[in-house]
Amino acid sequence: MEILSDLIRSMVGEGMSDQGVFISAAVTMATIMFIVMAMCAIIFTWMERKVAGFIQSRYGPMRTGRWHGWAQAIADMLKILGKEDIIPAEANKALFMFGPILVLLGSLLAWAAIPWDRNFVAADLDLGLFYIFAVSSMVIIGILMSGWASNNKWALYGAARGAAQMVSYEIPLALATIPVVMATGSLNTQDIVIAQGGGMWNWYINPVNNPFLFVAFFMYFIASIAETNRGPFDMPETESELVAGYHTEYTGMRFAFFFLSEYANLFLVSLIAAMVFLGGWQAPFPFLEFIPGWVHFIIKGVMLVFLNMWVRWTLPRVRVDQLMHLCWKVMIPISLLCVVGAGIWMMVTGQAAA
Amino acid sequence: MDYELKNIGTHGWASQDHAGEIKSELMELNMGPQHPATHGVLRLLLETDGEIVHKVTPVLGYLHRCAEKIAEGVNYKQWVVYTDRFDYLAPMCCNHAYVTAVEKLMDVEVPERAEHLRVVTAELSRIASHLIALATFGLDMGAWTPLLYCFREREEILNLLERISGGRMLYNYMVPGGVRYDVPRDNWEHDVLEFITMLETKKLKDYNQLLSYNKIFIERLSDVGVLSVQDAYDYGCTGPVLRGSGVKFDCRKDDPYSVYHKFDFDIPVGTGEVGTVGDCWDRYMVRVREIEQSCRIIRQALETMPEGPYLAIELKKPVKVPAGAAYTRTESSKGELGHYIISDGGQTAFRNKVRSPSFCNLQVIEKVGVGQMVSDLVAFVGSLDIVLGEIDR
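For every chain, the first residue of the written sequence is number 1, and numbering continues from 1 along that sequence. Here every chain gets a letter starting at A, and every ligand a number starting at 1, in the order they are written. Local features in this predicted model are restricted to residues of pLDDT 70 or higher, and side-chain atom pairs are both shown and tallied only at a pLDDT of 80 or more, whereas totals for entire chains, interfaces and linings draw on every residue.

(A) Inspection of the overall build of chain B at higher detail. The helix count covers DSSP runs of H or I at least four residues long, the strand count covers runs of E at least two residues long, and both are numbered beginning at the N terminus. Secondary structure assignment for chain B yields 15 helices and 8 strands. For 393 residues, the compact-globule estimate of 2.2 N^0.38 gives 21 Å, and chain B sits close to it at 23 Å. Each of the three principal axes of chain B carries a C-alpha extent, and together these read 85 × 50 × 35 Å. Partly exposed residues are those whose C-beta has more than 12 but fewer than 20 other C-beta atoms within 10 Å; 20 or more makes a residue buried and 12 or fewer makes it exposed, with C-beta atoms placed from the backbone. The buried share of chain B, taken over its 393 residues, is 49%. In this description, any two residues whose backbone-derived C-beta atoms lie within 7 Å of each other are considered to be in contact. Looking at chain B alone, contacts between residues at least 24 apart form 70% of all its contacts between residues at least 6 apart. All radius of gyration figures rest on C-alpha atoms, and the globule criterion is 2.2 Å times the number of residues raised to 0.38.

Set out below in structure tokens:
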């Protein structure tokens, strides 16, 4: 942000006030983030199809754009833009229109605190991690809102399930990152990454440093699948039970908002996992440090996304009560244990931050 | 708060009644006829309390095509094509059921080779049908990948059946008195044997690893939708649904038709391996094990296939069938498929009544579906493996 401000200042000269510089820098940054997010939705839609095809012994898209159907997602987006925007007659129009925007907003805001490189983070907040979890809870409100406003019983089921699931899984998701915060002594996302510098043996996932952080990573990963509503925890959508869940009644661009937000969220939680446990933009080995940090970061994120897709296309779906059981009776106790255990471990081994 | 969801309009979201009392009522839910998990155009009228189902009413008739009435207007040979459209996932079994009834009425001796060919094609059809059952059941449980794997193997069967009958899905292969075509002269038997060996040794293991013994899959299905033996008898369930409850009954063994008495095979039944006997997993697993047994039958039938004619009589012109009535029952992939034909001595049937297994198997949902969760109801319907073409006819 500072670099961007300096850049703008150097371009327009001293004639601009500090506020003006700040606003233009913020707008530039927001635009970049939005473009990145839209791009990742397009790329991951294509990737999801190719991964699914690979797992299911078929090709996936092959025609659009000649090479392995690379333009398929773009063509789909163009098609969806041209679709009629249908609002059901009995729906609550205001909520119906506002729901998808809130869902998109929730997943977009969290991108601000992601550190892409040593000097590249949109908002270097002291409470960065806290901020990310806080704003991404807004997605729940959007889902509940759109499911209720659709005035469709299947959508209502999906929304109720979605709200219950996401509210529950936020707890292990946040709890699993607490040990990392304890180890770093800071909630600042940039600090967390810097603390893991110097090679992959310094990453928080390394069980030799602290085995409780290793367990916490898996807790985080499982909870993040549930948080993004993807298989085997895709309760709010469950196409074989609830038709299409909370977005049953949505068409055209409003549907695309949900779609966009699903993939943006998927990448977001993977990036957070990479940032918190896998060293963020730090290189795995010191001799690889000549590669820019954001390349390392994106590669780590994409690998986690692939893992997520692999899980989705392999496993059957759990039932809604089993999902709740898993959250409250298995994952939350283990996550709490991780917090306590990590603290004790740090005290015993003398790693505790001063 | 008022939970009268069905009365939500544009005017008010939650209107309390005048006394200000809190009242709740069951929510009516239409599952189908356009719903991904109802396997066609089945409509289930549910009354639910949250996730719990309180009442299930199946509503049928969306695929009714008057097939039985048409039987009174077309001659015996022409009606074979309508049997294809009953259970369109296992048309050979349906063909077989019908032609045995007509042959009983006409008192025709069917050549041995034709009977062997019928058994081979019907069992191939049964495997194809069971593969679809596994595939769609997996899909109901949210597992996408087995669907593609099962369809890949089914494709092989369709290719084999295309080579012998000319059709990929609706074969019209068997006729009263035999079969339409002999084995093609391009090593068909060898290819069939190769395919079933591949299925037995490799593919079934894959399915079991990927789906049958998956932890989540077992968690979802054990002790869910338990069908007791008494209920199965009361509602007239047959086929894998009855056998899943632990009853060892199979028309191929207990009332042998065609040449099934010559072959050695077992009848798999539900064992309650992961839960209670008669739960969804047992019904599913019976089908997987039946695929193995069908492979055994095919191998024996091909190895002992005699030379000779494949058609006893040329039914070139519509023949007159002696007056009388005949009922035969056969084991289709879904259960006991019966044909009751009354002839008044003319060229067409006076009445043709079909006893379709899916119709009887579906009825049990009214009893077993109550008190389950919506997700479990989906699992239960999937484990019944119904085909709407056969229910509505």
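Once you've had a look at it, read on.
(B) Broad picture of the overall build of chain A. The helix and strand tally for chain A stands at 12 helices and 2 strands. Secondary structure elements in chain A, listed N-terminal to C-terminal, are α-α-α-α-β-β-α-α-α-α-α-α-α-α. For chain A, the spread of C-alpha atoms along the principal axes amounts to about 60 × 60 × 40 Å. By residue count, 47% of the 354 residues in chain A fall in the buried class. Considering only residue pairs separated by 6 or more positions, chain A has 78% of its internal contacts joining residues 24 or more positions apart.

(C) Main features of the interface of chain B and chain A. Of the residues lining the interface, 29 residues belong to chain B; the matching set on chain A comes to 23 residues. Among the elements that make up the side of chain B that touches chain A, the one with the highest residue count is helix α7 (residues 215-221) of chain B (4 residues). Three classes are used, and their members are as follows: Ala, Val, Leu, Ile, Met, Phe, Trp, Tyr, Cys and Pro are nonpolar, Asp, Glu, Lys and Arg are charged, and the others, Gly among them, are polar. Residue composition of the side of chain B that touches chain A, grouped by class: 16 nonpolar, 8 polar and 5 charged.

(D) Structural view of the packing of helix α4 (residues 112-140) of chain B against helix α11 (residues 280-303) of chain B. Residue and element names in this part refer to chain B. Fitted lines through C-alpha atoms serve as axes, helices being fitted only where they are in contact, and the angles separating the N-to-C directions of these axes extend from 0 to 180 degrees. α11 packs onto α4 with a crossing angle of 160° between their chain directions and a minimal axis gap of 9 Å. If you check the angle between α4 and α11, you find them roughly antiparallel. The element α4 and its partner α11 pack so that their crossing is left-handed. For the pair α4 and α11, contact is made by H116, V119, V120, E123, L124, R126, I127, H130, A133, L134 and F137 and by Y284, R287, V288, E290, I291, S294, I297, I298, A301 and L302, respectively. The residue makeup of the contact of α4 with α11, split by class, is 14 nonpolar, 3 polar and 4 charged. Note on terminology: angles under 35 degrees are roughly parallel, angles over 145 are roughly antiparallel, angles of 65 to 115 are roughly perpendicular, and the others are oblique. Crossing chirality is assigned from the near helix's rotation relative to the far helix, an anticlockwise turn below a right angle marking it left-handed and a clockwise turn marking it right-handed.

(E) Inspection of the sheet that holds strand β1 (residues 27-31) of chain B at higher detail. Residue and element names in this part refer to chain B. At least two DSSP bridges between two strands are needed for those strands to be called paired. Strand order in the open sheet formed by 3 strands is β1-β2-β3, with antiparallel pairing between adjacent strands. Bordering the open sheet on either side are β1 and β3 (52-59), each of which pairs with just one other strand. This sheet shows a mean twist of 25° between the axes of neighbouring strands, independent of strand direction. The pairing of β1 with strand β2 (residues 43-49) spans 5 bridges and is antiparallel. In the sheet register, M27 faces β2, and the bridge partner there is T48.

(F) Just the sheet that holds strand β7 (residues 336-343) of chain B, in detail. Residues and elements named next belong to chain B. Taken in spatial order, the 3 strands line up as β6-β7-β8 in an open sheet, and their pairing is antiparallel. Each edge of the open sheet carries a strand with a single partner, namely β6 (324-331) and β8 (349-355). The average angle at which neighbouring strand axes cross in this sheet is 10°, direction not considered. The pairing of β6 with β7 spans 8 bridges and is classified as antiparallel. Considered in β7, the bridge of Y327 is made with Y340. Along the sheet face, helix α3 (residues 91-106) touches β6 and β7 and points at about 150° away from the line of β6.

(G) Local environment of the environment of B:V183. Residues and elements named next belong to chain B. Positionally, V183 belongs in the loop between β5 (178-179) and α6 (188-212). Counting along the chain gives 198 residues from V183 to V381, while the straight-line C-alpha distance between them is 38 Å. Setting aside residues up to four positions removed in sequence, V183 forms contacts with L117, I164, W188 and E189.

(H) Spatial organisation of helix α11 (residues 293-314) of chain A. Residues and elements named next belong to chain A. With 22 residues, α11 extends 32 Å from end C-alpha to end C-alpha; this agrees with the ideal 32 Å at 1.5 Å per step. Taken as a whole, α11 has its buried residues at G293, H296, F297, K300, G301, L304, V305, N308, M309 and R312. Along its buried surface, α11 packs onto α2 (18-55), β1 (115-117), α9 (211-227) and α10 (252-277). The span one expects for a helix is its residue count, reduced by one, times 1.5 Å.

(I) Representation of unusual backbone geometry within the structure. The residue A:H68 is not glycine, and still its phi comes out positive at about 50°. Even without a glycine there, the phi angle at B:R393 is positive, about 60°. By the C-beta count within 10 Å, which is 21 here, B:R393 ends up buried.

(J) Main features of the nonpolar core. What makes a nonpolar core is a set of buried Ala, Val, Leu, Ile, Met, Phe, Trp, Tyr and Cys residues, with links drawn between C-beta atoms within 7 Å. Judged by nonpolar contacts, the single largest core of 108 residues is most densely connected at B:V102, B:L124, B:A128, B:I298 and B:F380. Take this core: its biggest share by element is 15 residues, from α4(B). Beyond its immediate stretch of four places on either side in the chain, B:I298 contacts B:V120, B:E123, B:L124, B:V192 and B:I196. Formed by 95 residues, the second largest nonpolar core is a distinct cluster that contains A:I114, A:L156, A:A176 and A:V269.

(K) Representation of the environment of B:T197 in the model. Residues and elements named next belong to chain B. Summarising the element assignment, T197 is placed in helix α6. Judged by the 12 C-beta atoms lying within 10 Å of it, T197 is exposed. Measuring from C-alpha to C-alpha, the distance between T197 and S383 comes to 26 Å, with 186 residues separating the pair along the chain.

(L) Structural context of the packing of α6(B) against α11(B). All names here are of chain B. Running from N to C, α6 and α11 point in directions that differ by 165°, and their axes come no closer than 10 Å. In terms of orientation, α6 and α11 fall into the roughly antiparallel class. Handedness of the α6/α11 crossing: left-handed. Contacts between α6 and α11 involve E189, V192, L193, I196, L199, E200, L204, Y207, N208 and S212 on the former and, on the latter, M285, V288, I291, E292, C295, I298, R299 and L302. Within the contact of α6 with α11, the residues separate by chemical class into 12 nonpolar, 2 polar and 4 charged.

(M) Structural view of the pairing of β7(B). Residue and element names in this part refer to chain B. Strand direction decides the pairing type here: β7 and β8, joined by 6 bridges, are antiparallel. When the sheet's bridge partners are listed, S343 is paired in β8 with A349. The antiparallel pairing of β7 with β8 creates a hairpin that spans 5 residues between the two strands, and G345 there sits at a positive phi of about 90°.

(N) Structural context of helix α4 (residues 93-109) of chain A. Residue and element names in this part refer to chain A. Taking 1.5 Å as the rise per residue, α4 with 17 residues should run 24 Å; its terminal C-alpha atoms sit 25 Å apart, in good agreement. Roughly 25° is the biggest bend found in α4, and it falls at G99, with proline P100 one to four residues downstream. The complete set of buried residues in α4 reads F96, G99, P100, L102, V103, L104, G106, S107 and L108. Next to the buried residues of α4 lie α2, α5 (128-136), α6 (138-149) and α10. The seven residues ending at a residue and the seven starting there each receive a fitted axis; the angle between those axes is the bend at that residue.

(O) Spatial organisation of the confidence of the model for chain B. All names here are of chain B. The quantity called pLDDT is the predictor's confidence in a given residue, expressed from 0 to 100. For chain B, mean pLDDT is 85; residues scoring 70 or higher make up 93% of the total. Within the model, the stretch residues 1-15 combines pLDDT values under 50 with 18 contacts to residues more than four positions away or in other chains. Predicted as a complex, the structure gets a pTM of 0.84 and an ipTM equal to 0.78.

(P) Geometry of the environment of B:P176. Residue and element names in this part refer to chain B. Positionally, P176 belongs in the loop between β4 (174-175) and β5. Judged by the 25 C-beta atoms lying within 10 Å of it, P176 falls in the buried class. With 74 residues separating them along the chain, P176 and V102 place their C-alpha atoms 6.3 Å apart.

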